[in-house]
Amino acid sequence: MKNFISAHDVKDIDSLVKSALAYKANPLKDKELGAHKRIGMLFLNPSMRTRLSTQIAAQNLGADAIVFNVDKEGWALEFEEEAIMSGNKVEHVKDAAPIMGNYFDILCIRTFPSLKNKEEDYSELYINQFVKYSGIPVVSLESSTLHPLQSLTDIITITEVLGAGEAARASGPSTGSAPAGRRPKIVLTWAPHVKALPQAVANSFSQWVNAWGQAGRQIDFVITHPEDYELDPQFTQGATITHNQNEALEDADFVYVKNWSTFTDYGKIYCNDPEWMLTQDKLKQTNNAKVMHCLPVRRNVELSDEILDSPSSIVTQEASNRVWAAQAVLADLLKR
Ligand code: CP
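Residues numbered from 1 in each chain as written. Predicted model: local features only at pLDDT ≥ 70, side-chain atom pairs only at ≥ 80, totals over all residues. Heavy atoms only, no water.

Details of the packing of helix α7 (residues 148–171) against helix α8 (residues 200–214)
Viewed as axis vectors pointing N to C, α7 and α8 meet at an angle of 50°, and their least axial separation amounts to 9 Å. Classified by the angle between their axes, α7 and α8 sit oblique to one another. Seen along the crossing, α7 lies across α8 with a hand that is right-handed. Residue-level inspection shows P148, S151, L152, D154, I155, I158 and T159 of α7 in contact with α8, the latter providing S204, F205, W208, V209 and W212. Residues belonging to the contact of α7 with α8 are distributed by class as follows: 8 nonpolar, 3 polar and 1 charged. (Axes fitted to C-alpha atoms, helices over the stretch in contact; angles between N-to-C directions. Helix = DSSP H or I, 4+ residues; strand = E, 2+ residues; numbered from the N terminus. Parallel < 35°, antiparallel > 145°, perpendicular 65-115°, else oblique. Left-handed = near helix turned anticlockwise from the far one by under 90°. Contact = heavy atoms within 4.5 Å. Nonpolar A, V, L, I, M, F, W, Y, C, P; charged D, E, K, R; others polar.)

Structure representation (structure tokens):
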């Protein structure tokens, strides 16, 4: 792996998942790997889980992680080539990135989309300019269109739950979320929200689950959303897509809940029907599905208290696994 920006950067997802789970079992097993290495973490947007889990992961590997909240503490960066910098932007990424490349061994960056200009957001200019000019491996801490550390974590968590189900089945009756003799059904469902949110988590989850399936993992992947909320087909191709949430939820083993704004007529909220919020009643048609969400979550808007506070929810396990995803990725890059 040269950079970690999308599922396409990973040769073998299952092997990365295995590495992450090995770190979960023994967090300090490579505590010397990052000795004398520095990891720069640039935030152009807020974060809790990504920031803390990546810092912990770096610490477990013996590396120094230095956080720089560029949006609040840094010079305003210009990313456009040949820009005439007579406005508010103070420093060009062409000048800043090579310096960071000399300060750090790995550069991690979080940057959100504007949701105003689809072509600009989907060109991933910000992260690509850091790849072009820093000269060191770049890790996405969420970009305009993708959130690969979250998606790797999601696959780690699904693998873990399926593994626990297999172990439970070997010693007794089925406990749900552990299908015997059939492909696990993974459903991504749109949920209502009060704000227009990026498509990054949904794009990324779709990209990773599809890549996992293409790599031979037997899964049934269904995406459900209201009309007008189609995602970019480059990420969803391979999944079954339906506007009927009930049909999608039938016999589901995992339900991933997430809001996103419109992709076609970019960055808008069209329908915001509260009926799309997942409830315990809707979960009854699933195979005792485990419910996932990347967090932060708007309670009783995106997901009900009754689900989040029930054993169906695995959001805490999922968010806790962020450490092991980050550790597996950083370790892979540090070994190169
Ligand atoms: N899921 C996630 O990326 O959380 P943060 O925005 O808190 O990092």
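As for the sheet that holds strand β5 (residues 106–110)
Reading across the sheet, the 4 strands line up as β2-β1-β5-β6 and stay open at both edges, with parallel pairing between neighbours. In the strand order of this sheet, the two ends are held by β2 (64–68) and β6 (138–140), each with one partner. Neighbour-to-neighbour, the strand axes of this sheet turn through a mean angle of 20°, independent of strand direction. Here β5 runs beside β6; their pairing, made up of 3 bridges, is parallel. Within β6, the residue paired with L107 across the bridge is V138. Along the sheet, helix α14 (residues 322–335) makes contact with β1 (38–43), β5 and β6, crossing β5 at roughly 145°. (Pairing = 2+ DSSP bridges.)

A closer look at the layout of surface pockets
In this structure, the largest pocket spans a volume of roughly 560 Å³. Elements represented by at least two residues in the lining of the largest pocket include exactly α2 (49–60) and α8. Residue composition of the lining of the largest pocket, grouped by class: 13 nonpolar, 5 polar and 7 charged. Lining the lining of the largest pocket are residues from two domains, each supplying at least three of them: domain 1 (7–146 + 322–334) and domain 2 (148–320). Volume-wise, the second largest pocket comes out at about 340 Å³. Taken together, 19 residues make up the lining of the second largest pocket; nearest its centre are L44, F79, T111, F112 and Y126. (1 Å grid on protein atoms, 1.4 Å probe; cavity = no way out; pocket = protein on both sides within 12 Å on 5 of 7 lines; lining within 4 Å. Points joined across faces, edges and corners; volume = space filled by probe spheres on them. Domains from an automatic or database assignment.)

Digging into the site of the ligand
Around the ligand, the structure places S47, M48, R49, T50, R110, H147, Q150, C294, L295 and R322. A distance of 2.7 Å separates an oxygen atom of the ligand from a polar side-chain atom of S47. At 2.8 Å from an oxygen atom of the ligand is found a side-chain nitrogen or oxygen belonging to H147. Look at the ligand: alone it shows 260 Å² of surface, and the protein chains cover 93% of it. Partitioned by chemical class, the residues of the shell around the ligand number 3 nonpolar, 4 polar and 3 charged. Here the shell around the ligand spans two domains, since at least three of its residues come from each of domain 1 (7–146 + 322–334) and domain 2 (148–320). (Near = heavy atom within 4 Å. Polar contact = N/O pair within 3.5 Å; in protein donor to acceptor, adjacent residues only side chain to side chain. Areas by Shrake-Rupley, 256 points an atom, 1.4 Å probe, with all protein chains shown as cover.)

Section: the side chain of Q199
Structurally, Q199 can be placed in the loop between β7 (185–190) and α8. A polar side-chain atom of Q199 sits 3.2 Å from the main-chain carbonyl oxygen of S261. Those residues in contact with Q199 that sit more than four places away from it in its chain are L115, Y122, T145, L231, W260, S261, T262, F263, Y266 and G267.

Structural notes on the nonpolar core
In this structure, F4, V139, L152, I186, L188, V329 and L330 are the most contacted members of the largest nonpolar core, which totals 60 residues. Ranked by the residues each element gives to this core, the list is headed by α14, at 10 residues. Each of domain 1 (7–146 + 322–334) and domain 2 (148–320) accounts for three or more of the residues forming this core. Apart from the residues within four sequence positions on either side, V139 is in contact with F4, I106, L107, C108, I109, L149, V329, L330 and L333. (Core = buried A, V, L, I, M, F, W, Y, C linked by side-chain atoms within 4.5 Å. Buried < 20%, exposed > 50% of the residue type's maximum accessible area, 1.4 Å probe, protein only.)

Thoughts on the domain arrangement of the protein chain
Each domain of the protein chain was delimited in the assignment, giving domain 1 (7–146 + 322–334) and domain 2 (148–320). Taking the mean C-alpha position of each, domain 1 and domain 2 sit 26 Å from one another. Across the boundary between the two partners, domain 1 contributes 33 residues, which contact 35 residues of domain 2. Taking both sides of the interface into account, the surface hidden between domain 1 and domain 2 amounts to around 2,800 Å²; carbon and sulfur atoms contribute 66%. In this structure, the connection of domain 1 to domain 2 is made through 2 salt bridges. (Buried area = accessible area lost by both parts, 1.4 Å probe. Salt bridge = Lys/Arg side-chain N within 4 Å of Asp/Glu carboxyl O.)

Side note on the sheet that holds strand β11 (residues 290–292)
Within the open sheet, the 5 strands sit side by side as β9-β8-β7-β10-β11. Their pairing is parallel. Of all the strands in the sheet, the pair left with one neighbour each is β9 (240–242) and β11. Going across the sheet, the axis of each strand differs from the next one's by a mean of 20°, ignoring polarity. Looking at chain direction, strand β10 (residues 254–258) and β11 are connected through 3 bridges and run parallel. By the bridge assignment, F254 is partnered in β11 with K290. The sheet contacts of α7 involve β7, β10 and β11, and relative to β10 the element is tilted by about 155°. Strands β7, β8 (220–224) and β10 of the sheet are contacted by α8, whose axis makes an angle of about 165° with β7.

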